[in-house]
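Notes for the structure review
Take a look at the letters that make up each chain.
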Amino acid sequence: MTDRRFIFHDIRLAARLAWYDLLSEKILALCLIIGLAATAAPLIILSGLRGGLVEGLRTVLLEDPHVREISSASNRDFTTGWLDRLRKEPDVVFVMPRTRTLAASVLLVPPGRPFAGRRIELIPSHADDPLTTPTTMPADESTILLSASAAASLHIQAGDLLELHVTRLGLGPETVRIPLHVQAITPQRALNRDAAFVSLRLAQTVELYREHSLSWSDAWAQAATPAPSYPGFRLYTRQINTIPALDTRLRAAGVDISDRAQDVSDLLLLDQRLTVLFRLTALLGVTGFFASLTAALWANVERKQLFLATLRFLGVQRLTIFPVIQAQILALTGIFLALTGALIVGSAINHVFAETLPPGHTLCRIGAGLWLETCLTTALGAFLAALAAARSLRRIDPWEGVSTP
């Protein structure tokens, strides 16, 4: 217990001496602090700009479900088993079969306004469809979701009724009228064309009725059983990062698809290049500062050899922490000053560009994570910078404190 008390006493004494030594040379200490702040502040702002730019673009892309969408570009037979395997891919969160393009175009007519009908596209959907979020596809198969564009064209609101007019193809055209209930209007970002999100069974029934000699009731009954294959599909990935790889796999399998893989690849490449640029710039700046800090601490020990040797002669045994504590004080004070300045400049940048950015987005993002990473990196760098001075201090002979004139 006594040894521990002496150890603690020596450490506390060395820490106090390190602090008072810095106070005795305030100008030198201030120059070192300003040097770190001047070096680190631009790097922090650059990191904040990188984070704001890349993460802002990433967030915008994530908020747009079309960016995470991969859809078949041409009609071919996709078996139910193949679609089920695709649905089980770890990167895929939603898969929905599609009916034939020509069969999916129908006429929607508001009741009492026969000349106000619009030809729209039927899009099969079900619950948790990213394209309709936050609205939810109803379980009732006679209830639909209408795109904002179609609702505006038809002058329809949520809760209104519509008539679905389906005309059989070929000779002897025959039209059936099916009443539908509009559950909700999807967000404007979901789709920019006239369309209705319907159950897969309703979309299949329309296709069967138009292309086969079946009554509507017979087509509806047949559509209750999943088809062995579908002419198309659309899927959504969990993250945008996985789109290029999935795009490559599907194209290698001979599937003709349409997606935003190139845009995502460009974003990921931009992120990588900005990361490399930032790391190189940070490496040069930080290396230069810590090299100067190392030289300053080592020179301070050399200048005060007599004083330090006298302390060791008087019994202060743990003076090696003397330069370590000084390095931490100088580095952490400087980095705090740099972070404060960077935060002020970053706020000014965000204010200047506020009108050109989407709501809720910032161009320069200096968050708590960046603060913590910067402080930890600085503390580690300061510790390494102090090792040379601590090693030089250990070589000082206590007798130099009384033998040197």
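In this report, the structure presented in the accompanying data block is examined. (Residues numbered from 1 in each chain as written. Predicted model: local features only at pLDDT ≥ 70, side-chain atom pairs only at ≥ 80, totals over all residues. Heavy atoms only, no water.)

Let's talk about the environment of A227
Along the chain, A227 turns up in the loop between α6 (216-222) and β10 (229-230). Since its relative accessible area comes to 17%, A227 is described here as buried. Along the sequence, A227 and Q204 sit 23 residues apart, while their C-alpha atoms lie 8.6 Å from each other. The contact partners of A227, leaving out residues within four places of it in the chain, are T80 and Q204. (Helix = DSSP H or I, 4+ residues; strand = E, 2+ residues; numbered from the N terminus. Buried < 20%, exposed > 50% of the residue type's maximum accessible area, 1.4 Å probe, protein only. Contact = heavy atoms within 4.5 Å.)

A short note on the sheet that holds strand β11 (residues 232-237)
Taken together, the 4 strands give an open sheet; going across it, the order is β3-β11-β1-β12, and neighbouring strands pair in antiparallel fashion. Of all the strands in the sheet, just β3 (92-98) and β12 (257-258) have a single pairing partner and so form its edges. Pairing geometry for strand β1 (residues 69-72) and β11, over 3 bridges, is antiparallel. The residue of β11 that forms the bridge with S71 is R234. The sheet contacts of helix α7 (residues 243-252) involve β1, β3, β11 and β12, and relative to β1 the element is tilted by about 15°. (Pairing = 2+ DSSP bridges. Axes fitted to C-alpha atoms, helices over the stretch in contact; angles between N-to-C directions.)

Some words on the layout of surface pockets
One number sums up the size of the largest pocket: a volume of about 690 Å³. Surrounding the largest pocket, 28 residues form its lining, S47, F278, L370, E373 and T374 being those nearest its centre. Those elements that place two or more of their residues in the lining of the largest pocket are α2 (26-63), α8 (261-303) and α11 (368-394). For the second largest pocket, the calculated volume is near 390 Å³. (1 Å grid on protein atoms, 1.4 Å probe; cavity = no way out; pocket = protein on both sides within 12 Å on 5 of 7 lines; lining within 4 Å. Points joined across faces, edges and corners; volume = space filled by probe spheres on them.)

Focus on the pattern of salt bridges
Taken as a whole, this structure holds 11 salt bridges when the rule is applied. Residues participating in the shared-partner salt-bridge network are R100, E207 and E211. (Salt bridge = Lys/Arg side-chain N within 4 Å of Asp/Glu carboxyl O.)

A look at the packing of aromatic side chains
Summed over all chains, the structure comprises 6 aromatic pairs. Each ring, one from F78 and one from W82, has its centre 5.2 Å from the other, and the planes form 35°; the classification is tilted. On the basis of relative accessible area, W82 is assigned to the partly exposed category, the value being 22%. When the ring of F94 is compared with that of Y236, the centres are 5.9 Å apart and the planes differ by 55°; the resulting orientation is tilted. Of this pair, F94 sits in strand β3 while Y236 sits in strand β11, and the two are 142 residues apart along the sequence. As far as the burial class goes, F94 and Y236 line up, both buried. Three or more aromatic residues joined by ring pairs make a cluster, and in this case those are F78, W82 and F233. Cation over ring: R168 sits above Y209, and NZ or CZ is 4.2 Å from the ring centre. (Phe/Tyr/Trp six-rings, centres within 6.5 Å; stacked < 30°, edge-to-face > 60°. Lys NZ or Arg CZ within 6 Å of the ring centre and 35° of its normal.)

A look at the sheet that holds strand β7 (residues 161-167)
One closed barrel accounts for 6 strands, arranged β4-β5-β9-β6-β8-β7; its pairing is mixed. Recorded for the sheet is a direction-independent mean angle of 45° between the axes of neighbouring strands. Where strand β6 (residues 143-146) and strand β9 (residues 195-198) come together, 2 bridges link them in antiparallel fashion. Within the sheet, the bridge partner assigned to L146 lies in β9 and is A196. Packed onto the sheet, helix α5 (residues 200-211) meets β4 (105-109), β5 (118-124), β6, β7, β8 (175-185) and β9 and runs at close to 35° relative to β7.

Describing empty space enclosed by the protein
Counted under the stated rule, the structure contains 1 cavity of 30 Å³ or more. Computed from the structure, the largest cavity encloses a volume of approximately 90 Å³. Lining the largest cavity we find D21, L22, E25, L28, A29, L32, A296, L297, N300, Q326 and L330. At the level of secondary structure, the elements contributing two or more residues to the lining of the largest cavity comprise α1 (2-24), α2, α8 and α10 (321-352).

All quantities given are derived from atomic positions and should not be read as evidence of function.
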